[in-house]
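Each chain, written out:
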Amino acid sequence: MKLEIKEAAEAVRDELLCYEDAEQAAVRWEKEFLEWAEKNAGKRKDVFAEKGSIFLKIKDEDEIFEMADSYMDALAEGSVKQYWNKF
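Notes on the structure in this doc start here. (Residues numbered from 1 in each chain as written. Predicted model: local features only at pLDDT ≥ 70, side-chain atom pairs only at ≥ 80, totals over all residues. Heavy atoms only, no water.)

Put simply, helix α2 (residues 23-40) and helix α3 (residues 62-77) touch, their axes get as near as 11 Å, and they point 110° apart. It follows from the interaxial angle that α2 and α3 lie roughly perpendicular. Mapping the contact onto sequence places Ala25, Arg28, Trp29 and Glu32 in α2 and Met67, Tyr71, Met72 and Leu75 in α3. (Axes fitted to C-alpha atoms, helices over the stretch in contact; angles between N-to-C directions. Helix = DSSP H or I, 4+ residues; strand = E, 2+ residues; numbered from the N terminus. Parallel < 35°, antiparallel > 145°, perpendicular 65-115°, else oblique. Contact = heavy atoms within 4.5 Å.)

All right, on to unusual backbone geometry then. Positive phi, normally seen in glycine, also occurs at aspartate 21, with a value near 55°. Within the secondary structure layout, aspartate 21 lies in the loop between α1 (5-16) and α2. Overall, aspartate 21 belongs to the exposed group, its relative accessible area being 68%. You will see that lysine 51, though not glycine, has its phi angle at about 55°, which is positive. As for its placement among the helices and strands, lysine 51 is situated in the loop between β2 (47-50) and β3 (53-57). What makes lysine 51 exposed here is its relative accessible area of 82%. (Buried < 20%, exposed > 50% of the residue type's maximum accessible area, 1.4 Å probe, protein only.)

To continue, consider the pairing of β2. With four bridges joining them, β2 and β3 adopt antiparallel strand pairing. Across the sheet, alanine 49 pairs through a bridge with isoleucine 54, a residue of β3. (Pairing = 2+ DSSP bridges.)

What follows covers the pattern of salt bridges. A complete count under the given rule lists six salt bridges for this structure. Close ionic contact of aspartate 14 with arginine 13 constitutes a salt bridge, the shortest N to O distance being 3.8 Å. Given the relative accessible area of 22%, arginine 13 is considered partly exposed. (Salt bridge = Lys/Arg side-chain N within 4 Å of Asp/Glu carboxyl O.)

Moving on: a negative patch on the surface. Together, Asp60, Glu61, Asp62, Glu66, Asp69, Asp73 and Glu77 make up a region of like negative charge exposed at the surface. Tracing the chain through its elements places aspartate 60 in the loop between β3 and α3. (Patch = residues over 30% accessible without salt bridge, like charges linked within 9 Å, V, L, I, M, F, W, Y side chains within 5 Å. Areas by Shrake-Rupley, 256 points an atom, 1.4 Å probe, with all protein chains shown as cover. Lys, Arg positive; Asp, Glu negative; His and termini not counted. Charge placed at Lys NZ, Arg CZ, Asp CG, Glu CD.)

Bringing the packing of α1 against α2 into the picture now. For the pair α1 and α2, the least separation of the axes is 9 Å and the interaxial angle reads 155°. Between α1 and α2, the angle is such that the two are roughly antiparallel. Handedness of the α1/α2 crossing: right-handed. Contact residues: α1 offers Ile5, Ala8, Ala9, Val12, Arg13 and Leu16, while α2 offers Ala25, Ala26, Trp29, Glu30, Phe33, Leu34 and Ala37. Looking at side-chain class alone, the contact of α1 with α2 contains 11 nonpolar, no polar and two charged residues. (Left-handed = near helix turned anticlockwise from the far one by under 90°. Nonpolar A, V, L, I, M, F, W, Y, C, P; charged D, E, K, R; others polar.)

In structure tokens:
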């Protein structure tokens, strides 16, 4: 399944907003994700450019939930840098 980066960002942001008081976390994740995607486009097989857009390849919608859950855990543990290194 491939999603345009903006679609992927919206999907995870929406999932993060399901958490209580997570508005700032959702905004931060989206900003960091877009930076990560731009930096990694073409360098990884799951982030690629096609027809002038950047796409993210994921297995299924469960990965969206995993991205959000993992980010909230990383925030709680103070390990956001490691989250993006493993992303």
